[in-house]
Amino acid sequence: MSEGDRLTELAKRRGFFLQSSGSYGGVAGFYTYGPQGATLKENIESAWRDRYVTREGHMEIDGPTVMPEAVFEASGHLDGFDDMIIECPECGESHRADHLVEDAPGSTVEDAEALPISEVEALFSEYDIDCPTCGTALAGEPIDDFNLMFGTNIGPGSSSPGYLRPETAQGIFVEFPQLAEYARNQLPFGVTQIGRAYRNEISPRKALVRVREFTQAELEHFIDPEEDEPPLHRVEDVVLPLYSVEQQQADDGEMQELTVREAVDEGVVADPWIAYYLGVSKGWYDRIGVDMDRFRYRQHLPGELAHYASDCWDAETEIGGDWIEVTGFAYRGDYDLAKHEKHSGEDYSVFKQYNDPITVERPTVDPDMSALGPEFGGAAGAIADELEALAERDPDAFDGETVDVTVDGESYEVAVEQTGFSVEEVTEAGEHVTPHTVEPSFGVDRLIYTVLAHAYEEDEVDGEERTYLSLPPETAPTTVGVFPLMDKDGLADRAQELARDLRAAGLEVTYDDSGAIGRRYRRQDEVGTPFCVTVDYDTLEDGTVTVRERDSTEQTRIALEAVGEQLLALRDGEQRFESL
């Protein structure tokens, strides 16, 4: 059984996640989190909020999952949010063409998504790729672009089309004018959001890795590109495992280990803000339970770089021999805010006050429409607008007796005296700046899958095989299991009272009095409970209980009145089990 199969079987049996609507045959790409999984998800999201909202001093919003069509026209999702699809001529099943190329026997292609469709079609012939469902040869079949957006209608009828959001980021960008006011128009500031997003994946696969409904945790950090610099000193000594474009393209390329400072100084990570968040995030991944020996940052190759990004790095984790993306770190420039400003007509800039007012020369035009109208007819208005834009970008163009402008591909010659061109001295108190955006975007479901896969362990205890999840106490769905040694002689009452006290102290507690104590330990090991407390006959005599640690199976005795305080310290990383 593969690593993924073992994990999926355990997840379903122990209540982490299962395919949704199973009674009706299930729906590919949709999963329900069970009792253990829902709490694990909540713990990871809480740890994310702690690191990226509270500690970084950013804001959090919660926007709707349905947005009007105009938002996605502006963002470019309607035109460029596609995957490659190929349909089997025999059985009619649709598949992601780039995935079939990457998975083909003998294939050396690692990122077919970055290739043009014509090259992918050629690879189907080169590797003799067949339909995974029925075995029909797919060479020569057409490959098309398939838009991943889920469409809907807002209100009755079809007059107000909308879409389920494919990312949470646009919900932040569209509200920027109001969010900037909340930030008192002071750059830099960050806005975060955790929520559901939807992509109509062609071929959902690998459990939580590729699904149609998923949770993102995104941060949009708005900066002044001319002035704002990240606090690199906080993370400059953090060692990053980097797999750059240069190393990926080299014959003997390999991962490099550089500190954040070295990565910036040597130009391996071009943008210091990206480097800062790579450094911040490495510690966070370790904190929630990612195995850092199975982790790397990989730079996007030129062909896979998003249209809005000047640079992008993915955090990737290794599972079952494959590397999967769990986070994207992108420098989006002013692409999103400029697009929404253009399409909405609203102001998406921030006014930056100068320390002292300055006097500048400002070229202006005041076209004589009484002359332009008769001469140029219906084009006069557009010519006047172009003259205004030309004066701003190239005032030297007005040095002669005439000036040339182009409107809708047609050239016009205008007498300078008709333009009203002049250069005036203007005193300015500040300027309007369109912020640039730095975006770390986390896939929560993939992180959950990674944490479970990396925590999965098997060993032998007392001659029996044991499966356990080595989850950090902060991440584990349950912090402590409370057991009475026997369900008699008042032990159960004492244990139930202890469980209530520990819950009141803020700990996640499960109570179990069913079966042999060894069986109860194994059940808690399998769901990753880091500590178990047993109330036994010695408890009635001396007021102490047995505390067992999951990974080592070591045990120690603690005074009953100190158990809550000690377990809280263990969960929060303030104390180690060995020191009890």
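Further up the page is the structure itself.
Our subject in this report is the structure included herewith. (Residues numbered from 1 in each chain as written. Predicted model: local features only at pLDDT ≥ 70, side-chain atom pairs only at ≥ 80, totals over all residues. Heavy atoms only, no water.)

1. Things to note about the side chain of R51
Mapped onto the elements of the fold, R51 is located in helix α2 (residues 35-54). Engagement of the side chain of R51 in a polar contact is seen with the side chain of E56, the distance being 2.9 Å. With residues near it in sequence (within four places) discarded, R51 still touches E56, V280, W284 and R287. (Helix = DSSP H or I, 4+ residues; strand = E, 2+ residues; numbered from the N terminus. Polar contact = N/O pair within 3.5 Å; in protein donor to acceptor, adjacent residues only side chain to side chain. Contact = heavy atoms within 4.5 Å.)

2. Side note on the nonpolar core
By size, the foremost hydrophobic cluster in this structure holds 64 residues, and its most contacted members are L242, W284, Y285 and Y297. It is helix α11 (residues 272-288) that provides the largest number of residues to this core, a total of 10 residues. Every residue in contact with L242, bar those within four places of it in the chain, is listed here: E254, M255, Q256, L258, A263, V268, V269, L278, Y297 and W313. If you look at the next biggest cluster of nonpolar residues, it comprises 22 residues, including I61, F72, Y163 and A183. (Core = buried A, V, L, I, M, F, W, Y, C linked by side-chain atoms within 4.5 Å. Buried < 20%, exposed > 50% of the residue type's maximum accessible area, 1.4 Å probe, protein only.)

3. Considerations on a nonpolar patch on the surface
On the surface, L485, M486, Y537 and L540 cluster together into a nonpolar patch covering about 310 Å² of accessible area. You can see M486 is positioned in the loop between β24 (480-484) and α17 (491-504). Its relative accessible area of 35% is what places M486 among the partly exposed residues. (Patch = residues over 30% accessible without salt bridge, like charges linked within 9 Å, V, L, I, M, F, W, Y side chains within 5 Å. Areas by Shrake-Rupley, 256 points an atom, 1.4 Å probe, with all protein chains shown as cover. Salt bridge = Lys/Arg side-chain N within 4 Å of Asp/Glu carboxyl O.)

4. Brief notes about helix α1 (residues 3-13)
Within α1, burial applies to G4, L7, L10 and A11. Along the axis of α1, the buried positions cluster into a sector of 135°, meaning they face one direction only. Looking one or two residues past α1, G15 carries a phi angle of roughly 85°, positive in sign. (Arc of directions from axis to C-beta.)

5. A word on the pairing of strand β15 (residues 311-319)
Of all the nine residues making up β15, nine are buried; the element is thus mostly covered by neighbouring parts of the structure. Residues D311, W313, A315, T317 and I319 line one face of β15 and the alternating positions C312, D314, E316 and E318 line the opposite face, and both faces are buried. Alignment of strand β14 (residues 295-299) against β15, held across five bridges, turns out to be antiparallel. Bridged to R296 within β15 is E316. The hairpin formed by β15 and strand β16 (residues 322-333) contains two residues between the paired strands, and G320 there has a positive phi angle of roughly 60°. (Pairing = 2+ DSSP bridges.)

6. Quick word on the sheet that holds strand β12 (residues 239-243)
A sheet is described by the order of its strands in space; here nine strands give the open sequence β3-β10-β11-β21-β16-β15-β14-β12-β13, paired in mixed fashion. The open sheet has two free edges, formed respectively by β3 (59-60) and β13 (256-259), since each of these has just one partner strand. The pairing of β3 with strand β10 (residues 189-198) spans two bridges and is classified as parallel. In the sheet register, M59 faces β10, and the bridge partner there is V191. In this fold α2 packs onto β3, β10, β11 (213-223) and β21 (436-443), with an angle of close to 160° to the strand it touches most, β10. (Axes fitted to C-alpha atoms, helices over the stretch in contact; angles between N-to-C directions.)

7. Some remarks on the environment of Q36
Relative to the elements of secondary structure, Q36 occurs in helix α2. When its relative accessible area of 18% is taken as the criterion, Q36 is described as buried. Residues contacting Q36, with those up to four places away along its chain left out, are R14, G15, F16, P477, T478 and V527.

8. What to know about the packing of aromatic side chains
The way to describe two aromatic rings as a pair is by their centre distance and the angle between their planes. Taken as a whole, this structure holds 25 aromatic pairs when the rule is applied. Judged by centre distance (6.5 Å) and plane angle (85°), the ring pair of W273 and Y276 falls under edge-to-face. In this pair, W273 and Y276 are both assigned in helix α11, three residues apart and thus about one turn of the helix distant. With 5.6 Å between their ring centres and 55° between their planes, F483 and Y521 make a pair best called tilted. Of this pair, F483 sits in strand β24 while Y521 sits in helix α18 (residues 517-526), and the two are 38 residues apart along the sequence. Given the relative accessible area of 0%, F483 is considered buried. One aromatic cluster is present, built from ring pairs that chain together W48, Y52, W284, Y285, F295, Y297, F329 and F442. Here R296 stacks its cationic end above the ring of W323, 4.2 Å away from the centre of that ring. Over the ring of Y521 we find R548, and its NZ or CZ is 4.3 Å from the ring centre. (Phe/Tyr/Trp six-rings, centres within 6.5 Å; stacked < 30°, edge-to-face > 60°. Lys NZ or Arg CZ within 6 Å of the ring centre and 35° of its normal.)

9. Topic: the packing of α2 against α11
The contact between α2 and α11 brings their axes to 11 Å, and the two run at 150°. As summarised for this structure, α2 and α11 are arranged roughly antiparallel, according to the angle between their axes. Our pair here, α2 against α11, has a crossing hand that is right-handed. For the pair α2 and α11, the contacting residues are I44, A47, W48, D50, R51 and Y52 in the first and Y277, V280, S281, W284, R287 and I288 in the second. Residue composition of the contact of α2 with α11, grouped by class: eight nonpolar, one polar and three charged. (Parallel < 35°, antiparallel > 145°, perpendicular 65-115°, else oblique. Left-handed = near helix turned anticlockwise from the far one by under 90°. Nonpolar A, V, L, I, M, F, W, Y, C, P; charged D, E, K, R; others polar.)

10. Digging into the pattern of salt bridges
According to the stated counting rule, one finds 40 salt bridges in the structure shown. Its salt-bridge partner being R296, residue E316 comes within 2.7 Å of it at the nearest N-O pair. With a gap of 20 residues between them, E316 in strand β15 and R296 in strand β14 connect regions that are remote in the sequence. One exposure class covers both E316 and R296, and it is buried. The salt bridge partner of D336 is R332, with a shortest N-O separation of 2.7 Å. The pair formed by D336 and R332 is uniform in burial state, with each residue classed as buried. Within the structure, one salt-bridge network assembled from shared partners comprises D83, R96, D98, E113, E201 and R210.

Keep in mind that these numbers describe shape and distance, not what the molecule does.
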